[in-house]
Amino acid sequence: MANARLTVWNPLDELTAAALNAEFNNELSGSVTIAPTGGDDTALIQDAFARAVTTGGGSVCFRPGAYSHTGLTLTNVNNLALYGMGRPGVSGAAGLYCTNAAADSLKISNGAHIAISGLYIGHSIQSNTGIAAIRALGVNKLSLTDVSTQVFPVGSGSMNGLILEGGTSDAVLTWVTRCIFSDHRENGISLMGSTSTKRVIETLLSGCVLFANGGAGVRIVDYVAGVYIRNGTNFGVQNGRSIDIVTTVNDARTLDIFVSDCILDVPVNENIRAKNVSSVHIFNNWIASAGALSGNVVWGIDMLTGAANTWLIKDNYIAFNRGGGIRFAGDSSSITGNHFNTNGGLAVTPTAMELTATSTNNFVTSNFFLGHTVSINDLGVANEKTNNHS
């Protein structure tokens, strides 16, 4: 620890070693800068966290380099910002590398107003099943900007990128912007509440990249309300699924999922799979090539049997999904203005859309179909179909 350096940090100053050492004991501003020691930096980083919040809030700036640690924790901490100098994935960036396979790299529990930007966070070895680069439990107002958890080399690192959970109370308001969650053996991002008072509420993903995650790019389970995935978020090649929304029980209160202006492309299985979830809005997305590399006969969007209603699927380009375009088992929903192109290439009967036997009272209108044997296979009850074009 002899090489450890702590200081009050003024971003307008050119910091020198002398300045760092001179300001070592100043804790009044709540702003701390650290540099890696080349050894185990766990105590260094935890001490920086503690110093930064001594006056009720502050920031920790990580100078460029690799910080080795055995698992970092923030518990009941409010008003803290963590900054990395540089940008993840670029030479000279700051990275937090956990050497303990059984610990999350960064675990945040029951705090509020936490901001993290410009950092790589992950594991330097293959973590255990269920372990994440970042886990947040019951955090109120968490912001991640320009953060990466991408695994490199592939086959090592964190099993999951980001896990958001309810803690002792709801996790409310999470913003995730321009972040990278890729190459995780399990999921890029997981959202999971546990009870009606320990939910995950109001989560925004904007402009993120989620490639090659073994389970799903984004996985949404029980007691999740208000997820907004938008602004060019890119679900690239070889996610197990791009988005997986499958609750375990009908009354788990998972609802209000919005996916807009995104790219969902070339997953191993479905681009979007959903069960027991209501009020899902999917509009203006590229949804393509499910099963194209794996050879699996899967749908672009597969809304499975279960409690589901008031969906809106609108103005999407749905193409080249190997099992078909949309299979829908819900009710009282609208599928309108979508362009279907050459879906079902590996199916016995290439079909753009199938309304299953449990579907009822859906409104299907103004869709355009190209390159299918069957445009709409309606097996349901009282589904209204108007102004569709083949």
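### A look at the overall build of the protein chain
No. 1: Along the backbone of the protein chain there are 2 helices and 37 strands.
No. 2: Relative to a compact globule of 390 residues, whose C-alpha radius of gyration would be 21 Å, the protein chain shows 23 Å and is just as compact.
No. 3: Considered along the principal axes of its C-alpha atoms, the protein chain spans approximately 75 × 40 × 35 Å.
No. 4: Looking at the protein chain residue by residue over its 390 residues, the buried ones come to 54%.
No. 5: Contacts in the protein chain between residues far apart in sequence, at least 24 positions, make up 72% of those at least 6 positions apart.
No. 6: Of the accessible surface of the protein chain, which amounts to about 14,700 Å², a share of 53% is contributed by carbon and sulfur atoms.
No. 7: Charge separation in the protein chain, taken as the distance between the mean sites of 21 positive and 27 negative side-chain charges, equals 2 Å.

### A word on unusual backbone geometry
Note on backbone geometry: most residues besides glycine have negative phi, and most peptide bonds are trans.
No. 1: At Asn276, a residue that is not glycine, the phi angle is positive and equals roughly 60°.
No. 2: Inspection of the secondary structure assignment puts Asn276 in the loop between β24 (272-275) and β25 (278-283).
No. 3: Note on Asn276: relative accessible area 7%, which makes it buried.
No. 4: One non-glycine residue, Asn361, adopts positive backbone phi at about 55°.
No. 5: For Asn361, a relative accessible area of 47% corresponds to the partly exposed category.

### A closer look at the sheet that holds strand β26 (residues 286-288)
No. 1: With parallel pairing, 7 strands are arranged side by side in an open sheet as β17-β20-β23-β26-β29-β32-β35. Looking at the sheet topology across the chains shown, the edges are occupied by β17 (209-210) and β35 (368-370).
No. 2: Bridging between strand β29 (residues 317-319) and strand β32 (residues 339-341) involves 3 bridges; their strand directions are parallel. Of the residues in β32, the one forming a bridge with Ala319 is Asn341.

Reading the values: the criteria
Residues numbered from 1 in each chain as written. Predicted model: local features only at pLDDT ≥ 70, side-chain atom pairs only at ≥ 80, totals over all residues. Heavy atoms only, no water. Helix = DSSP H or I, 4+ residues; strand = E, 2+ residues; numbered from the N terminus. Rg over C-alpha atoms; globule rule 2.2 N^0.38 Å. Buried < 20%, exposed > 50% of the residue type's maximum accessible area, 1.4 Å probe, protein only. Contact = heavy atoms within 4.5 Å. Areas by Shrake-Rupley, 256 points an atom, 1.4 Å probe, with all protein chains shown as cover. Lys, Arg positive; Asp, Glu negative; His and termini not counted. Charge placed at Lys NZ, Arg CZ, Asp CG, Glu CD. Pairing = 2+ DSSP bridges.

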